[in-house]
Amino acid sequence: VCLTCCSRDVMVKIDQICHKNSIKFFTGDVFGYHGYMFTNLGEHEFVEEKTKVTKVSPGVEDGPDTKKTKLDSSETTMVKKRVVFCQLKEALAVDWSSEKAKAALKRTTPDYFLLQ
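Parameters and conventions
- Residues numbered from 1 in each chain as written.
- Predicted model: local features only at pLDDT ≥ 70, side-chain atom pairs only at ≥ 80, totals over all residues.
- Heavy atoms only, no water.
- Pairing = 2+ DSSP bridges.
- Helix = DSSP H or I, 4+ residues; strand = E, 2+ residues; numbered from the N terminus.
- Axes fitted to C-alpha atoms, helices over the stretch in contact; angles between N-to-C directions.
- Contact = heavy atoms within 4.5 Å.
- Buried < 20%, exposed > 50% of the residue type's maximum accessible area, 1.4 Å probe, protein only.
- Lys, Arg positive; Asp, Glu negative; His and termini not counted.
- Salt bridge = Lys/Arg side-chain N within 4 Å of Asp/Glu carboxyl O.
- Polar contact = N/O pair within 3.5 Å; in protein donor to acceptor, adjacent residues only side chain to side chain.

Colleague: When you look at the sheet that holds strand β1 (residues 2-4) in this model, what are you seeing that I'm missing?
Modeller: Strand pairing in a sheet relies on backbone hydrogen bonds, with the paired strands running either antiparallel or parallel. Pairing in this open sheet of 3 strands is mixed, and the strands run β1-β2-β3 from one edge to the other. A strand with exactly one partner marks an edge of an open sheet, and here the two such strands are β1 and β3 (34-40). The mean inter-strand angle of the sheet, taken between neighbouring strand axes irrespective of direction, is 10°. The pairing of β1 with strand β2 (residues 25-31) spans 3 bridges and is classified as parallel. Each bridged residue has a counterpart across the sheet, and for Thr 4 the counterpart in β2 is Gly 28. On top of the sheet, helix α1 (residues 8-20) reaches β1, β2 and β3; it is set at about 160° to β2, its chief contact.

Colleague: Honestly, the pairing of β3 in this entry has me stumped. Any pointers?
Modeller: Where β2 meets β3, 7 bridges bridge the pair, whose relative direction is antiparallel. Paired with Phe 31 across the bridge in β3 is His 34. Taking the residues between adjacent antiparallel strands as the criterion, β2 and β3 are bridged by 2 residues, where Gly 32 takes a positive phi near 65°.

Colleague: Explanation requested: the side chain of Asp 15 in the structure shown.
Modeller: With respect to the helices and strands, Asp 15 occurs in helix α1. Despite its burial, Asp 15 pairs with no opposite charge; the closest candidate is Lys 89, at 9.9 Å N-O. Not counting residues within four places of it along the chain, the set of residues in contact with Asp 15 comprises Phe 25, Phe 38, Asn 40, Gln 87, Leu 88 and Lys 89.

Colleague: I'm lost on the side chain of Gln 87 in this one. Help?
Modeller: Within the secondary structure layout, Gln 87 lies in the loop between β5 (69-84) and α2 (88-92). Only 3.3 Å separates the side chain of Gln 87 from the side chain of His 19, close enough to count as a polar contact. Residues within four places of Gln 87 in sequence aside, it is in contact with Asp 15, Gln 16, His 19, Phe 38 and Asn 40.

Colleague: How should I be thinking about the pattern of salt bridges in this particular structure?
Modeller: Where charged atoms of side chains with opposite charge meet at close range, the side chains can pair. Using the criterion set out here, one finds 5 salt bridges in the structure. Among the salt bridges present, the one from Arg 82 reaches Glu 43, with a minimum N-O distance of 3.1 Å. Of the two residues, Arg 82 is situated in strand β5 and Glu 43 in strand β4 (residues 43-55); the sequence distance between them amounts to 39 residues. Residue Glu 43 is classed as exposed on the basis of its relative accessible area of 54%. A salt bridge links Lys 102 to Glu 99; the nearest nitrogen and oxygen atoms lie 3.8 Å apart. Remark: Glu 99 and Lys 102 occur in helix α3 (residues 99-105); sequence separation between them is 3 residues, near one turn of the helix. When its relative accessible area of 42% is taken as the criterion, Lys 102 is described as partly exposed. Here Glu 99 falls in the exposed class, since its relative accessible area comes to 60%. Sharing partners across several salt bridges, the network here consists of Glu 48, Lys 50 and Lys 81.

Next up, the structure:
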């Protein structure tokens, strides 16, 4: 479900319905130079290709880099990952006075607060 130009209450209500029924939800809007986009994909599973890391054995190489790990780009492995998206209501109800939120505040664009 994709929503644009809707009130906050409508977006929250439709997101809750979509979340309950395992339906992917997207919403967004633009106000001049500012805009937002929110996605709730519920539980999303995907596979990511990772380069294998090999540790250098002591005595194999001499020099200052002996203890460092090396990436072997010729060998890769597939890693299954799972992401659980939050609902819109939770995203809008962040308590910015908590320690965890204060740490995220530096990475949060000021546009988020404009749209609030």
